Amino acid sequence: MANTIAITGATGFVGAAVARRLAAAGHLIQALVRPASVHRQANDIGAQWIEGDLDDNDCLRQLVKNVDAVIHCAGAVRGATREQFYRVNAEGLDRLLRAAVDQPQNPRFLLISSLSAREPEVSHYAASKRQGEVVLNRQSGQLPWTIYRPCAVYGPGDREILPIFKWMAKGVAPVLGSGTGRFSLIFIEDLADAVVDWLEHDSCQFATYELHDGHPGGYSWHEVIDTMRQLRRKMIIRLSIPLMFVKFVAAVNLLAARTLGYAPMLTPGKVGELSHPDWVCDNTPLSRDIGWAPRILLPEGLKLTLGWNSI
Ligand SMILES: NC(=O)c1ccc[n+]([C@@H]2O[C@H](COP(=O)([O-])OP(=O)(O)OC[C@H]3O[C@@H](n4cnc5c(N)ncnc54)[C@H](OP(=O)(O)O)[C@@H]3O)[C@@H](O)[C@H]2O)c1
């Protein structure tokens, strides 16, 4: 059945893929877009665009008016201060939630949080994502909510992991420290499918779910490099980068960002996330509750991401 869906972050990597899948499934989409977003043109998904941001209560009320569900994908993923992350990931969510709760007919609410919320002490980003979950828990009233905690998401259009995959494809792989920490991965289209499946299962409420590609025990960077090497059928040079060196570069970058006023990706907090030993997660509860199963494992996902194959 076609639903009317309000979505945030539809100009971003995750939100655009989710919006495309929703549109393909026949749902009507109202999407929040910041007037200055440079990604709007590239994400023409036939949505009704509502201009504004998560600071703007009026436009948030317009966004969620009479919708069946709200899918909140917008988020601050880079920043120089705690406030920059909290302002979007906790306070912005709070405003969106209040607008949704004020609707006479409460829409269902899906928050795209992050696996990092499991370890809020690691970085301001992780702490702000956990705080967003706390806000949802406390302020939601009767509104039926679900939290998705995806692990690292990759695929075409990614702005974080894709540059590293491109280096590997060229034959050079930077490895942070020993590279033995383990992490799960999920291909973007599998995450988008999980959102569409959530829409079809309204029994899935007041629960937090981790999502990954189903590979038990996750990966180490060395395993990712080995997978890429098998795809390329050529050697890949591993460049081991000492953790202390990366921490130093991150501290300098943070200082520069605060001085010059840009939003940095590489910060001491990001290094904390990257060097954490365990970002492995478990799909079982979500698969049990909505029947979703990821389809794309790493070899196929890498080929799709690098444009070496098509779905
Ligand atoms: N990528 C991953 O590996 C990953 C993993 C786990 C969880 N997540 C979560 O998924 C969500 C999306 O991440 P992403 O990788 O797609 O990031 P992204 O590409 O940077 O997209 C972020 C989106 O949020 C929007 N946004 C940011 N601040 C906003 C504000 N104040 N008001 C309204 N919109 C705002 C951006 O709009 P503009 O176009 O205007 O910038 C953009 O559409 C985030 O919540 C992130 O925590 C991502």
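Scroll up a little and you will see the structure.
Residues numbered from 1 in each chain as written. Predicted model: local features only at pLDDT ≥ 70, side-chain atom pairs only at ≥ 80, totals over all residues. Heavy atoms only, no water.

As a further point, take the overall build of the protein. When you go through the protein residue by residue, the secondary structure sums to 11 helices and 13 strands. Each principal axis of the C-alpha distribution contributes one length, and for the protein these read about 60 × 45 × 35 Å. Here the protein, with 311 residues, has 52% of them falling under the buried criterion. Long-range contacts, defined as pairs at least 24 residues apart, comprise 76% of the intrachain contacts of the protein with a sequence gap of at least 6. When the accessible surface of the protein is summed, it comes to about 14400 Å², and 53% of that surface belongs to carbon and sulfur atoms. Charge separation in the protein, taken as the distance between the mean sites of 32 positive and 31 negative side-chain charges, equals 6 Å. (Helix = DSSP H or I, 4+ residues; strand = E, 2+ residues; numbered from the N terminus. Buried < 20%, exposed > 50% of the residue type's maximum accessible area, 1.4 Å probe, protein only. Contact = heavy atoms within 4.5 Å. Areas by Shrake-Rupley, 256 points an atom, 1.4 Å probe, with all protein chains shown as cover. Lys, Arg positive; Asp, Glu negative; His and termini not counted. Charge placed at Lys NZ, Arg CZ, Asp CG, Glu CD.)

Moving on, we get to the site of the ligand. Near the ligand there are 26 residues, and of these Thr11, Val14, Ser37, Tyr125 and Lys129 occur at the shortest range. The contact in question runs from an oxygen atom of the ligand to an N or O atom on the backbone of Gly75, over 3.2 Å. With respect to the ligand, the side chain of Lys129 contributes an N or O atom lying 2.7 Å from an oxygen atom. Relative to its free-state accessible area of 900 Å², the ligand is covered by the protein chains to the extent of 88%. Residues of the shell around the ligand, tallied by class, amount to 14 nonpolar, eight polar and four charged. (Near = heavy atom within 4 Å. Polar contact = N/O pair within 3.5 Å; in protein donor to acceptor, adjacent residues only side chain to side chain. Nonpolar A, V, L, I, M, F, W, Y, C, P; charged D, E, K, R; others polar.)

Time to look at the sheet that holds strand E5 (residues 108–112). Strands belonging to one sheet form pairs held by backbone hydrogen bonds; the direction of such a pair is parallel or antiparallel. What the seven strands build is an open sheet, ordered E3-E2-E1-E4-E5-E6-E11; its pairing is parallel. Two strands close off the open sheet at either side, each with one partner strand: strand E3 (48–51) and strand E11 (207–211). With strand direction ignored, the average angle separating the axes of adjacent strands in the sheet is 20°. Bridge count between strand E1 (residues 4–8) and strand E2 (residues 28–33): four bridges; the pairing is parallel. (Pairing = 2+ DSSP bridges. Axes fitted to C-alpha atoms, helices over the stretch in contact; angles between N-to-C directions.)

All quantities given are derived from atomic positions and should not be read as evidence of function.
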